[in-house]
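Given next are the chains, with one letter for each unit.
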Amino acid sequence: MDITVLVKQVPNTAEIRIDPVKNTLIRDGVPSIINPDDKAGLEEALKLKDQFGATITVVSMGPPQAQLALREALAMGADRAILVSDRKFGGADTLATSTTLVAALKQLKSDLIIAGRQAIDGDTAQVGPQVAEMLDIPQVSYVQKLHYDGKQTLQIQRLVEDGYYELEVDFPCLITVLAEANKPRYMHIHNLVDVFSREIEIWDFERIKPDVNQIGLTGSPTKVKKSYTKGVKQSGKIVEAANAEEAAEAIVTKLQELFMI
Ligand SMILES: Cc1cc2nc3c(=O)[nH]c(=O)nc-3n(C[C@H](O)[C@H](O)[C@H](O)COP(=O)(O)OP(=O)(O)OC[C@H]3O[C@@H](n4cnc5c(N)ncnc54)[C@H](O)[C@@H]3O)c2cc1C
């Protein structure tokens, strides 16, 4: 089985800095990690590889520093890493990001594409479904559990608000995985030793040749008109409590006051 995992490098914090002039994310100087949902997705791929054998390719679109996330994925057990990177791809909204990723994905054979449900910085949860639509393959989002018996279909538990669906999907398909689906394994000590000598393939504009009008800032229909952080409306109040019971009582009293329960 050929599995492709979409991996996004994200800032290791919920606090994203925004360029006040360009209204785009500033990545420089912010410590980065693999997006947690993607790590759970990679773990899903690694479990399938352990059980049935598979070739796992991790693909990320981003600046050169995203190579670090891909190296971590290699150290966890991925076989091949591709960084889709070119200045022409910069300033992309989710649609242009998906268009660019799809141009790369079309050059790969994937029985299964795994994306995270959502990135912790952009938070749109759009890229996985957009990629599936553009590739015209079935998709299942919000995957919390997956079962494969080595045959033609995947059995999937898809989380919904008040329960879950049990679904069956044929290959090739795309799934978006929740962080809670898996506890990702640590990087393998054996892989760690040689991970910095492993090749990360850099796929630039010429390599994947997407439609130049549909990528980067030009190809992004979303325009950020203004970005700002929420101002503080009022100062907080500290309530001293001697123990948990007192603290709970203080919270209940406050809620009753506020909502006249
Ligand atoms: C107008 C505009 C301009 C922007 N300009 C920039 C910019 O200049 N620089 C910048 O860094 N961002 C920019 N962004 C943000 C960028 O569009 C998003 O980071 C990107 O589209 C992914 O969206 P998301 O974070 O909401 O991912 P989601 O849709 O929440 O991600 C879901 C899953 O899709 C996959 N995925 C998402 N993004 C990638 C990726 N890049 N590579 C591999 N897999 C991925 C992952 O598996 C992830 O878990 C801009 C956004 C807008 C609206």
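Procedures and definitions
Residues numbered from 1 in each chain as written. Predicted model: local features only at pLDDT ≥ 70, side-chain atom pairs only at ≥ 80, totals over all residues. Heavy atoms only, no water. Near = heavy atom within 4 Å. Polar contact = N/O pair within 3.5 Å; in protein donor to acceptor, adjacent residues only side chain to side chain. Areas by Shrake-Rupley, 256 points an atom, 1.4 Å probe, with all protein chains shown as cover. Phe/Tyr/Trp six-rings, centres within 6.5 Å; stacked < 30°, edge-to-face > 60°. Helix = DSSP H or I, 4+ residues; strand = E, 2+ residues; numbered from the N terminus. Buried < 20%, exposed > 50% of the residue type's maximum accessible area, 1.4 Å probe, protein only. Pairing = 2+ DSSP bridges.

For the chain, the name recorded in an unreviewed UniProt entry is Electron transfer flavoprotein subunit beta/FixA family protein, with Entomospira nematocerorum as its organism.

Caption draft 1: Expanded view of the site of the ligand. The local shell around the ligand holds 30 residues, among which Lys 8, Asp 38, Ala 92, Ala 119 and Thr 124 are the closest. Between the ligand and Leu 6, the relevant distance is 2.9 Å, taken from an oxygen atom to a main-chain nitrogen or oxygen of the residue. The separation between an oxygen atom of the ligand and a polar main-chain atom of Asp 123 is 3.5 Å. In isolation the ligand exposes 950 Å². Once the protein is present, 89% of that is buried.

Caption draft 2: Focus on the packing of aromatic side chains. In the structure shown here, the tally under the stated rule is two aromatic pairs. Between Phe 52 and Tyr 148 the ring centres are 4.8 Å apart and the planes differ by 70 degrees, which places this aromatic pair in the edge-to-face class. In this pair, Phe 52 is assigned in helix H1 (residues 36-52) and Tyr 148 in strand E7 (residues 139-148), connecting sequence segments 96 residues apart. Taking the relative accessible area as the measure of exposure, Phe 52 reaches 36% and is therefore partly exposed. Judged by relative accessible area, which is 11%, Tyr 148 ranks as buried. Here the aromatic rings of Tyr 148 and Phe 171 are separated by 5.5 Å at their centres, their planes lie at 85 degrees, and the arrangement is edge-to-face. You can see Tyr 148 sitting in strand E7 and its partner Phe 171 sitting in the loop between strand E9 (163-170) and strand E10 (173-177), a full 23 residues away along the chain. Taken together through their ring pairs, the aromatic side chains of Phe 52, Tyr 148 and Phe 171 make up a single cluster.

Caption draft 3: Here's a closer look at the pairing of strand E8 (residues 153-160). Of the pairings in the sheet, the one linking E7 to E8 comprises five bridges and is antiparallel in character. Bridging from a neighbouring strand, His 147 pairs with Gln 155 of E8. Between E7 and E8, which follow one another and run antiparallel, lie four residues, and Gly 150 among them has a positive phi close to 85 degrees. With eight bridges connecting them, E8 and E9 associate as antiparallel partners. If you follow Val 160 over to E9, its bridge partner there is Gly 163. The antiparallel hairpin formed by E8 and E9 contains two residues in its connecting segment.

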